[in-house]
Amino acid sequence: MDGYREVYAIPLTAAVIEEEASRRIFAKGPRRVTVAGTRLNPTTAYPTKPDSFVSPASHIRTYMHLSVHLVLALLAGLALRLFFVTHISPFTGDTKFYEELAKNWLYHGVYGLFVNGQLLPVDMRMPGYPSFLAAIYAVFGRGGRAIMGVQAIVDLGTCVLAALIAARLAPARKRKLVATIALWLAALCPFTASYSAVVLTEVLATFLTTLALLIFAFLLSHPGMQRPLQSFDRKSLLSAVGWFLFGGIFVGVGTLVRPEAPLLLVAVGIVLVVRWHRRADWRKLVLAVSWMAVGLLIPLTPWAARNARTMGRIEFLAPRFAETQGDFIARGFYEWTRTWMTKFGEAYLVTWKLDKAPIRVETLPDSAFDSTAERARVEVLLSRYNSDLGMSPVLDREFALLARERTARRPLRTYFFIPLSRAWMMWFTPRIELLPYSGKLWPPDEYWRGNPTDFEVTLGYGILNCIYLALAVVGAWRCRKHPALALIVAFVVVRTVFLTQLQTVEPRYVVVCFPAILAIGAAAFANPGRENGASGGRKA
């Protein structure tokens, strides 16, 4: 039938109607759709026949069901976050930098730090989170509780975004169930909730990353994106380009908070290249990547212009080691630690002591040495450092030489096994770094007798972390054919690989991925099966 498409034997539900309406966003020209023999208006996507009218009461019951869960989940999530606010110290090593940058920017008009009594502009931290703090100070004053309250609200917004991603991954018939489960999982996740109680970038970075993930998940899973570029009309093309631009903008805003945020665009680019590798799709690929890049640069350009004007150099990102101009960075020393360091706690023994405290060879793990002679060599190098607590360029070169020798001797260790161990430690950890517990479980008898509460909390957090990841594996299998899943998996893999190359092993950097992990985990509760029922359909 010209201008019509008939779909039979599909029960008329809000989910199916929404799915049909979604499929026509990029369609060329209006067309009418019938569901279960009922003609739908192309602009409203609702039945036009009186005998097929959907009772408003059914919609009210659906919305009340969702609203009740939304309110209850958010209230429970708020209570959990307030609990952490009252039980966690809000100050960490990076807190003082963010707070001082925010106060100096707000009260003195300079994005900088006081050095020897003089306020100097710096570019060592991205300005997104300090501007967030400055806005809170301007409205509520300098009380720490105001920061925690605003962060709790932002984090609850992330929970809603996670539910929307889960709904996108689920079959139409299961969207309400999966979205509700994802909302509860995210609201009650202590790993993300605990960061509402500290002055760190994680809450804001997680919100912006999840928002960008939602946009790209919608784009990459939309059936219209598979059509040839020539079939797009002007309105459809502008709509698609606009969403790629907006996704890039949100990633750019996220980059102002955390400089590694563009890794999400790397993941999007990988998925697009795989999907549009044919020559006929190259124009679509170039168009999408170009507008994402434009969107990324829009928020970053003012920051780069400020650096060019104030610092004398164009920089879109903060320095990798958060250094100021002229600082000496012990890159050779960090290269050496990357040949053996696999645990978060080892940063306290070595990396974060550099230029501040003595580093003792007896505190290093056995993996730092390949032989007795090498241990003696490291001991001599560290004794030279400990003499004045300074890492000189000459000493740093000797650590670099030691790192190269270790890598040449066992290249797989440096390039594969150490990164793999770091990835394992970042993902399979109890995540108690913000809590007043040791995080140690082995040997179990010793730690159980020494502090049962510490042992129980650590073990419980470790088990919960494994449950979340196991649910994500099951959910990924059940929605394995969904295009948006490839994006989330690519993002998690790309980000994890990047994090294994940093000078420390910090599990908090993967917290940004947890809303997406929980969204996939919620899909584990969507039973596999044919979405449209057992009966088949035919076209007119």
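Refer to the structure above for everything that follows.
Since the model is a prediction, treat every value here as computed from it, not as a measurement.

Draft legend 1. Quick look at helix α3 (residues 95-108). Taking 1.5 Å per residue as the helical rise, α3 with its 14 residues ought to reach 20 Å, and the 19 Å between its terminal C-alpha atoms agrees with that figure. Buried within α3 we find T95, Y98, E99, L101, A102 and N104. In the core, the buried residues of α3 are packed alongside β4 (112-115), β5 (118-121) and α4 (128-140). Positive phi shows up at G109, right after α3, with a value of about 75°.

Draft legend 2. How the structure looks around the nonpolar core. Counting 141 residues, the largest nonpolar core has F216, F333 and L364 as its most contacted members. Ranked by the residues each element gives to this core, the list is headed by helix α8 (residues 202-221), at 13 residues. Ignoring any residue separated from it by four or fewer positions in sequence, one finds F333 in contact with V350, L354, I359, M391, D396 and F399.

Draft legend 3. Here's a closer look at the packing of aromatic side chains. Under the criterion given, the structure shown has 23 aromatic pairs. Geometrically, the ring pair formed by F83 and F84 is edge-to-face, given 5.7 Å between the ring centres and 65° between the ring planes. Among the residues examined, F84 registers a relative accessible area of 3% and is labelled buried. Cation over ring: R125 sits above F97, and NZ or CZ is 5.0 Å from the ring centre. Against the face of W477 rests R480, its NZ or CZ located 3.9 Å from the ring centre.

Draft legend 4. Up close: the pairing of β4. In this structure, β4 lies alongside β5, joined through four bridges in antiparallel fashion. Bridge assignment links L113 to a residue of β5, and that residue is L120. Two successive antiparallel strands, β4 and β5, enclose a turn made up of two residues, where N116 displays a positive phi of approximately 55°.

Draft legend 5. Spotlight on unusual backbone geometry. Within the chain, N116 stands out as a residue other than glycine whose phi angle is a positive 55°. By the secondary structure assignment, N116 is in the loop between β4 and β5. At R431, a position not held by glycine, the phi torsion is positive, near 60°. Its location among the elements puts R431 in the loop between α16 (411-427) and α17 (444-450). Residue classification places R431 among the buried residues on the basis of a relative accessible area of 5%.

Draft legend 6. Broad picture of the side chain of R431. This buried residue, R431, is left without a salt bridge; E433 holds the nearest opposite charge, at 5.1 Å. Polar side-chain contacts of R431 include one of 3.2 Å to the backbone oxygen of W427. There is a polar contact of 2.9 Å between the side chain of R431 and the side chain of N465. Once residues lying within four places of it in the same chain are set aside, the contact partners of R431 are F191, M426, Y461, N465, P507, V510 and F514.

Draft legend 7. Representation of the environment of F328. Mapped onto the secondary structure, F328 falls in the loop between α11 (282-310) and α12 (331-337). Accessibility expressed as a relative area gives 42% for F328, which makes it partly exposed. Sequence separation of F328 and S392 is 64 residues, and the distance between their C-alpha atoms is 8.5 Å. Setting aside residues up to four positions removed in sequence, F328 forms contacts with M391, S392, P393 and D396.

Draft legend 8. Geometry of the packing of helix α10 (residues 263-275) against helix α19 (residues 483-499). For the pair α10 and α19, the least separation of the axes is 8 Å and the interaxial angle reads 130°. Overall, the two elements α10 and α19 adopt an arrangement that is oblique. Of the two elements, α10 crosses α19, and the hand of that crossing is right-handed. Packed against α10, whose contacting residues are L263, L264, V266, A267, V268, I270, V271 and R275, the element α19 presents P483, A486, L487, A490, F491, V494, R495 and F498 at the interface.

Draft legend 9. Layout of the pattern of salt bridges. Evaluation of the coordinates by the stated rule reveals 17 salt bridges. D370 serves as the salt-bridge partner of R413, at 2.7 Å between the closest nitrogen and oxygen. Of the two residues, R413 is situated in helix α16 and D370 in the loop between α13 (346-349) and α14 (372-388); the sequence distance between them amounts to 43 residues. Take R413: its relative accessible area is 8%, and that puts it in the buried class.

Draft legend 10. Fine view of the environment of I165. Looking at the element boundaries, I165 is found in helix α5 (residues 144-169). Between the C-alpha atoms of I165 and A179, which are 14 residues apart in sequence, the distance is 7.9 Å.

Draft legend 11. Broad picture of α16. Over its 17 residues, α16 extends 24 Å from the first C-alpha to the last, a length consistent with the 24 Å expected when each residue adds 1.5 Å. Of all the positions in α16, only R413, T414, I418, P419, R422, A423, M426 and W427 are classed as buried. Where α16 is buried, its residues contact α12, α15 (393-409), α18 (452-478), α19 and α20 (514-522).

Draft legend 12. Representation of the packing of α15 against α16. Close contact between α15 and α16 brings their axes to 4 Å; oriented N to C, the two are set at 85°. The angle between α15 and α16 places the two elements in the roughly perpendicular class. On α16, the residues touching R406, T407, A408 and R409 of α15 are P411, R413, T414 and Y415. Tallied by class, the residues present in the contact of α15 with α16 amount to three nonpolar, two polar and three charged.

How each quantity is defined
Residue positions within a chain follow its written sequence, with the count starting from 1. Totals for whole chains, interfaces and linings use every residue, but because this is a predicted model, local features are given only for residues with pLDDT of at least 70 and side-chain atom pairs only at 80 or more, for both listing and counting. The basis for every side-chain value is the complete set of heavy atoms in the structure, and neither hydrogens nor water enter the calculation. Only runs of H or I of at least four residues qualify as helices and only runs of E of at least two qualify as strands under DSSP, and these elements are numbered from the N terminus. Working rule for helices: expected span equals 1.5 Å times residues minus one. With a 1.4 Å probe rolled over the protein chains alone, any residue whose accessible area is under 20% of its type maximum counts as buried; one over 50% counts as exposed, and the rest are partly exposed. Contacts are assigned to residue pairs that have any heavy atoms within 4.5 Å of one another. In this description, a nonpolar core means a group of buried Ala, Val, Leu, Ile, Met, Phe, Trp, Tyr and Cys residues linked to one another through side-chain atoms lying within 4.5 Å. Two rings from Phe, Tyr or Trp (for Trp, the six-membered ring) form a pair when their centres sit within 6.5 Å of each other. Planes less than 30 degrees apart are called stacked, planes more than 60 degrees apart edge-to-face, and all others tilted. Only when the NZ of Lys or the CZ of Arg is both within 6 Å of the ring centre and within 35 degrees of the ring normal is a charge said to sit over the ring. Here, strands pair whenever DSSP counts at least two bridges between them. Only four residue types enter the tally: Lys and Arg on the positive side, Asp and Glu on the negative side, with His and both chain ends excluded. Criterion for a salt bridge: a side-chain nitrogen of Lys or Arg within 4 Å of a carboxyl oxygen of Asp or Glu. Any N or O atom pair separated by 3.5 Å or less is treated as a polar contact, with the protein-specific requirement of one donor-capable and one acceptor-capable atom, and with residues adjacent in sequence counted only for side-chain atom pairs. The convention used is that axes are lines fitted to C-alpha atoms, helices contributing only their stretch in contact, and that angles between N-to-C directions extend from 0 to 180 degrees. Small angles under 35 degrees read as roughly parallel and large ones over 145 as roughly antiparallel, with 65 to 115 read as roughly perpendicular and the rest as oblique. When the near helix sits turned anticlockwise from the far one by under a right angle, the crossing is termed left-handed; a clockwise turn instead gives a right-handed crossing. Under the grouping applied here, Gly and all other residues not named as nonpolar or charged are polar, the nonpolar ones being Ala, Val, Leu, Ile, Met, Phe, Trp, Tyr, Cys and Pro and the charged ones Asp, Glu, Lys and Arg.

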